[in-house]
Amino acid sequence: HWADHGSLALLEFMSPSLAGAALAAIATSRTGELDPLPRADRTIELSGLDAAHLAELIELHTGTAPSQQTLSEVVARTVGNPFFVAEVARLLRATGRDDEPSSWSSALPQGVRGVLVRRFARLPQSTHATMLTASVLGAEVDVTVLAGIMGDDRDNVLELLAPAVHAGLLLDLRDGRLRFQHALVRDAASGELDTAQRRRLHARAAEVLEATSGHRSAAAIATHLAAAGDTAAAERWAERAGDQALQAAMYAEAADWYARAAEAGTARAAVKHAGALARCGRIAEADQAYAVAIARARAGGDAESFALAALGIGTLGGGFEVRLLDSVQLRMLNEALDAIGTDDSALRAMLLARLSVASTLGAEQARRVVMAEEAVAIATRVGHAGALAQSLAAWCDAHAGPRHTDERRAAAAEMLAAAQRSGDPELELLARRFEIVAHMERGDLPLAWRAIDAFTELADRLRQPQFCWFARLVEGMRAHLRGDLDTAQ
């Protein structure tokens, strides 16, 4: 019930492979909170503990076997929930009332939250107050950040929280972090703060994180700012968190952050949201998000965001593969070119390059060549490495065939250097692909093998199926040419 889209997709993907493996995947969910359930060989409906096991659990926590009357009251009130039973047993033992049946019934109407609040009350006041402050940081607490929020010394904060650790409400992770014993413990502590206190503490937490770790804590800062009610700032930091997740190839997480950033109504964040969805393979959602981005860009006269949306909408899965004979993409690219004007810019070069590639099979070859050559010229003049790499890719695509092999090999080498300068590994992979083809066309197998090794090493490092499949393809081709049919297969 807490799993995200990616976790459920992974479980669904793994399920068919588990039957013959020495591996078990176990997933837990509250009844009715996950629909549909992933495929499972066995589904076990958990109920509460029966009376005999409850008696054993109560004796474990109180040191005394419960009377039959007490046990009946426990069964009736807890429905055998072991967490409820254990928490109430600890409380009643601490107050010396664990053998009174009426005590069990009076403790339970407050629920577990009430039980935990009572446990908090036994702590020193300074410990109690520090725990409430710590609750805004989440299930795990960085003591350095907590000290920053409180304006106190780190060692002193650890000393203040020592009674809570001794009581088992906090666990000491021994690395400068503490963890609440259970999510409900943290929730109960947070629930004791009023709304104004909670907002102030979240705002202060965002300030401390920004000062101490900056963009590295973008996700946490966005979360705290949202809880503090600073919506505009939260959306800015959500976009930064999305950028970080995207760079780490955590596309589902990036999509979630960009969705939060896009709530501000900006076209730029909507474009990023669409791109991350495409990377997740959620193509229908990506197309809808691109439509939102285009509508916002048109309404706001945002030519740059419109152009970025036009560049994104025609890709397959957000990578460098481009849809062909796609009338919507072609219309958007032409409209974007009109919107940004005729001045030299990296964006204009990229639009021309993409239009040249997207026009394959649907436009005169001479026109595609002219657009690709103009894109290369513009990118060279503005000195933008990424735009130059994309423009050279379009140039190579427009000059296919053995008549242009030597020119394409030279262009691929120039593209590789530009891609490496830009720091874009995907453009580097595309350059390597053009290299492989050119070397193979010339029959220069040693250079082709080196290009294949370089491609597969980088593709496997990125761990993206849209690139790894091509690595296996060319490895299979190489094995086949060597006569190693088993490896080729």
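These numbers were taken from a predicted model, which means no experiment stands behind them. (Residues numbered from 1 in each chain as written. Predicted model: local features only at pLDDT ≥ 70, side-chain atom pairs only at ≥ 80, totals over all residues. Heavy atoms only, no water.)

(A) Structural context of the overall build of the chain. On a plain count of helices and strands, the chain comes out with 26 helices and three strands. At 30 Å, the chain has a C-alpha radius of gyration far larger than the 23 Å of a compact globule built from 489 residues. Overall, the C-alpha framework of the chain stretches about 95 × 55 × 40 Å when taken along its three principal axes. A total of 489 residues make up the chain; the buried ones form 43% of that total. Taking the contacts inside the chain whose residues are at least 6 apart along the sequence as the reference set, 55% of them involve residues at least 24 apart. Entry remark: accessible area of the chain is about 25,400 Å², with carbon and sulfur atoms responsible for 53%. (Helix = DSSP H or I, 4+ residues; strand = E, 2+ residues; numbered from the N terminus. Rg over C-alpha atoms; globule rule 2.2 N^0.38 Å. Buried < 20%, exposed > 50% of the residue type's maximum accessible area, 1.4 Å probe, protein only. Contact = heavy atoms within 4.5 Å. Areas by Shrake-Rupley, 256 points an atom, 1.4 Å probe, with all protein chains shown as cover.)

(B) Fine view of the sheet that holds strand E3 (residues 177–180). What the three strands build is an open sheet, ordered E1-E3-E2; its pairing is antiparallel. Edge strands, defined here as strands with exactly one partner in the open sheet, are strand E1 (140–142) and strand E2 (170–172). Across the sheet, the mean angle from the axis of one strand to that of its neighbour is 30°, orientation sign disregarded. Sheet topology note: the E1/E3 ladder contains three bridges and is antiparallel. Note that in E3 the partner of Asp-142 across the bridge is Arg-177. Across the sheet, helix H9 (residues 154–166) lies against E2 and E3, angled at about 110° from E2, the strand it touches most. (Pairing = 2+ DSSP bridges. Axes fitted to C-alpha atoms, helices over the stretch in contact; angles between N-to-C directions.)

(C) Highlighting the pattern of salt bridges. A full pass over the atoms with the stated rule returns 25 salt bridges. A salt bridge links Glu-207 to Arg-204, with the shortest nitrogen-to-oxygen separation between them at 3.1 Å. Note that Glu-207 and Arg-204 are positioned in helix H11 (residues 195–212) at a spacing of three residues, about one turn of the helix. In this structure, Arg-472 engages Asp-460 in a salt bridge whose closest nitrogen and oxygen atoms are separated by 3.1 Å. You can see Arg-472 sitting in helix H25 (residues 465–481) and its partner Asp-460 sitting in helix H24 (residues 445–462), a full twelve residues away along the chain. Taking relative accessible area as the criterion, Arg-472 reaches 38% and is therefore assigned partly exposed. Judged by its relative accessible area of 35%, Asp-460 falls in the partly exposed class. (Salt bridge = Lys/Arg side-chain N within 4 Å of Asp/Glu carboxyl O.)

(D) Representation of empty space enclosed by the protein within the structure. Going through the model one piece at a time under the given rule, you end up with one cavity of 30 Å³ or more. Contributing to the lining of the largest cavity are Ala-278, Ile-283, Ala-286, Asp-287, Tyr-290, Gly-312, Ile-313, Thr-315, Gly-317 and Arg-323. Among the elements that make up the lining of the largest cavity, the one with the highest residue count is helix H16 (residues 283–300) (four residues). Partitioning the lining of the largest cavity into residue classes produces five nonpolar, three polar and two charged. (1 Å grid on protein atoms, 1.4 Å probe; cavity = no way out; pocket = protein on both sides within 12 Å on 5 of 7 lines; lining within 4 Å. Points joined across faces, edges and corners; volume = space filled by probe spheres on them. Nonpolar A, V, L, I, M, F, W, Y, C, P; charged D, E, K, R; others polar.)

(E) Expanded view of helix H17 (residues 303–313). For H17, a buried count of eight out of eleven residues is recorded, marking the element as mostly surrounded by other parts of the structure. For H17, the complete set of buried residues consists of Ser-305, Phe-306, Ala-307, Ala-309, Ala-310, Leu-311, Gly-312 and Ile-313.

(F) Expanded view of the packing of aromatic side chains. Inspection of every chain in the model, using the stated rule, returns two aromatic pairs. Ring centres 5.2 Å apart and planes at 65° place the aromatic pair Phe-455 and Phe-470 in the edge-to-face group. Residue Phe-455 is located in helix H24, and its partner Phe-470 is located in helix H25; the two are separated by 15 residues in the primary sequence. Considered together, Phe-455 and Phe-470 belong to a single accessibility category, that of buried residues. Consider the rings of Trp-469 and Phe-470, whose centres lie 5.7 Å apart with planes at 85°: the pair is edge-to-face. Judged by its relative accessible area of 45%, Trp-469 is partly exposed. Above the plane of the ring of Trp-237 lies Arg-240, whose end atom (NZ or CZ) is 4.3 Å from the centre. When the ring centre of Phe-470 is taken as origin, the NZ or CZ atom of Arg-433, which lies over that ring, is 4.9 Å away. (Phe/Tyr/Trp six-rings, centres within 6.5 Å; stacked < 30°, edge-to-face > 60°. Lys NZ or Arg CZ within 6 Å of the ring centre and 35° of its normal.)

(G) Summary view of the nonpolar core. Among the nonpolar cores identified, the biggest contains 78 residues, and Leu-333, Leu-351, Met-415, Leu-429, Phe-434 and Phe-455 are the most heavily contacted of them. Setting aside chain neighbours within four positions, we find Phe-455 in contact with Leu-429, Arg-432, Arg-433, Ile-436, Phe-467, Phe-470 and Ala-471. (Core = buried A, V, L, I, M, F, W, Y, C linked by side-chain atoms within 4.5 Å.)

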